[in-house]
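What the coordinates show
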Amino acid sequence: MHSPAGWTPVDQAPAPGESRSSAQPTPDERRELEHRLANSLQLAADFLLFEQARLQDPQARAALAEAAARLSAVAQLHRFLSAHPHDAGVDLEPFLTELCGLIGRSAGLSCSVDADSVTVPGADAQQLAIAINELAMNAAKHAYRKGEPGSLHVECHREGAALRLTVSDEGAGLGRDFSAERASGLGMTILKAVVRQLRGSLEARDDHGARFTITLPLSPALPAPTRSFAPRRADLDED
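A brief report on the enclosed structure follows. (Residues numbered from 1 in each chain as written. Predicted model: local features only at pLDDT ≥ 70, side-chain atom pairs only at ≥ 80, totals over all residues. Heavy atoms only, no water.)

1. Comments concerning the overall build of the chain
When you go through the chain residue by residue, the secondary structure sums to six helices and seven strands. From first element to last, N terminus to C terminus, the chain shows the α and β order α-α-β-α-β-β-α-β-β-α-β-β-α. Contacts in the chain between residues at least 24 apart in sequence constitute 68% of all its contacts with a sequence separation of at least 6. Accessible surface for the chain amounts to roughly 13800 Å². Of this, 53% is attributable to carbon and sulfur atoms. (Helix = DSSP H or I, 4+ residues; strand = E, 2+ residues; numbered from the N terminus. Contact = heavy atoms within 4.5 Å. Areas by Shrake-Rupley, 256 points an atom, 1.4 Å probe, with all protein chains shown as cover.)

2. Focus: the packing of helix α4 (residues 122-143) against helix α5 (residues 186-197)
Axis separation between α4 and α5 bottoms out at 9 Å; the angle between their running directions is 160°. When the interaxial angle is binned, α4 and α5 end up roughly antiparallel. Note that α4 runs across α5; the crossing there is left-handed. Within the contact between the two elements, α4 uses Gln127, Ile130, Ala131, Glu134 and Leu135 and α5 uses Gly187, Ile190, Leu191, Val194 and Gln197. (Axes fitted to C-alpha atoms, helices over the stretch in contact; angles between N-to-C directions. Parallel < 35°, antiparallel > 145°, perpendicular 65-115°, else oblique. Left-handed = near helix turned anticlockwise from the far one by under 90°.)

3. Observations regarding helix α3 (residues 92-107)
With 16 residues, α3 extends 21 Å from end C-alpha to end C-alpha; this agrees with the ideal 22 Å at 1.5 Å per step. Positive backbone phi, approximately 75°, marks Gly108, located one or two places after α3. (Expected span 1.5 Å × (residues − 1).)

4. Looking at the sheet that holds strand β2 (residues 109-115)
Strand pairing within a sheet occurs via backbone hydrogen bonds; the two strands may be parallel or antiparallel. In spatial order, the strands read β2-β4-β5-β7-β6; together these five strands make up an open sheet with mixed pairing. Of all strands in the sheet, those with a lone pairing partner are β2 and β6 (201-206), marking the two edges. In this sheet, adjacent strand axes meet at a mean angle of 15° when their direction is disregarded. In this sheet, strand β5 (residues 162-169) lies alongside strand β4 (residues 150-159) in antiparallel orientation, the contact comprising eight bridges. Note on β5: the bridge partner recorded for Cys156 is Leu165. Taken strand by strand, α4 contacts β2, β4, β5 and β7 (210-217), and its axis lies near 20° from that of β5. Docked against the sheet, α5 engages β6 and β7, running at close to 140° with respect to β6. (Pairing = 2+ DSSP bridges.)

5. A short note on the environment of Thr213
With respect to the helices and strands, Thr213 occurs in strand β7. On the basis of relative accessible area, Thr213 is assigned to the buried category, the value being 7%. When the C-alpha atoms of Thr213 and Ser201 are compared, they prove to be 8.1 Å apart, with twelve residues separating the residues in sequence. Those residues within four positions of Thr213 in sequence are excluded, and the remaining contacts are Arg164, Leu165, Thr166, Ser201, Leu202 and Glu203. Separated by 3.2 Å, the side chains of Thr213 and Thr166 make a polar contact. (Buried < 20%, exposed > 50% of the residue type's maximum accessible area, 1.4 Å probe, protein only. Polar contact = N/O pair within 3.5 Å; in protein donor to acceptor, adjacent residues only side chain to side chain.)

6. Brief notes about α4
The α-helix winds at 3.6 residues per turn, so residues separated by three or four positions along the chain end up facing the same way. The terminal C-alpha atoms of α4 lie 30 Å apart, and with 22 residues this matches the ideal 32 Å at 1.5 Å per residue to within 8%. Most of α4 is tucked away, with 16 of its 22 residues classed as buried.

7. Structural notes on the nonpolar core
Counting 41 residues, the largest nonpolar core has Leu92, Ile132 and Leu163 as the members making the most contacts within it. At the level of secondary structure, the elements contributing two or more residues to this core comprise α3, β2, α4, β4, β5, α5 and β7. Among the elements that take part in this core, α4 stands out by supplying nine residues, more than any other. When residues no more than four places from it in sequence are discounted, the contact partners of Leu163 are Leu92, Val118, Val120, Leu128, Cys156, His157, Arg158, Ile214, Thr215, Leu216 and Leu218. (Core = buried A, V, L, I, M, F, W, Y, C linked by side-chain atoms within 4.5 Å.)

8. Regarding the environment of Ala143
Position of Ala143 among the secondary structure elements: in helix α4. Spatially, the C-alpha atoms of Ala143 and Gly173 are 6.5 Å apart, while their sequence positions differ by 30 residues.

9. Quick notes on the state of the cysteines
Scanning all chains against the criterion turns up zero disulfides. Just so you know, Cys100 is unpaired, no disulfide at all, and the nearest cysteine sulfur is the one on Cys111, 3.5 Å from it. Owing to a relative accessible area of 23%, Cys111 belongs among the partly exposed residues under this scheme. (Disulfide = S-S within 2.5 Å.)

Okay, structure coming up:
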């Protein structure tokens, strides 16, 4: 996650001979900015819920509740992504395992992961996380009846020079007339924008539920991961 262009903390003066526009925030300052952004998103979600409680119109209440849930999920995802490097190589196996644990708890779904140990640029990993988050929110809203337990399956495998990510559920399915190209809801709009950003392709079909597959090219040479997202041995020993 990048800070806004030209942003400089008020308590950090540019170095001698350095213009204010070229001064860059330190990693600690960037993390603080991202933390405040996530908190602001959560606060906005809380405001929407407050307004929702004051309304009588059922459609308006439902719309505000949905918007609040989306903002809250985005805030949680932002916290997760801001803790992971944007410009370094990321091993997708532990990254997706940690991400799906978070998304599963947030969406109320049982989330399983089957992923190869494939290293991709951090920016691509973040885009894939956004796509999975959108599909999880879609499954929680449309695939299962209210109060019904649901599952989400995430598969990510290398196929030659390509990466194939599949997110599926076991719910009501997409329906005979569904078309990813024609779909214009917010979630599908975000999903298609992510696929374009990744220079990939999107396939959606029914297979005992909804099944979305994103295929994208892998970079020929990728840096090794700079950190693991699995628990550190020291953390396990402390437990």
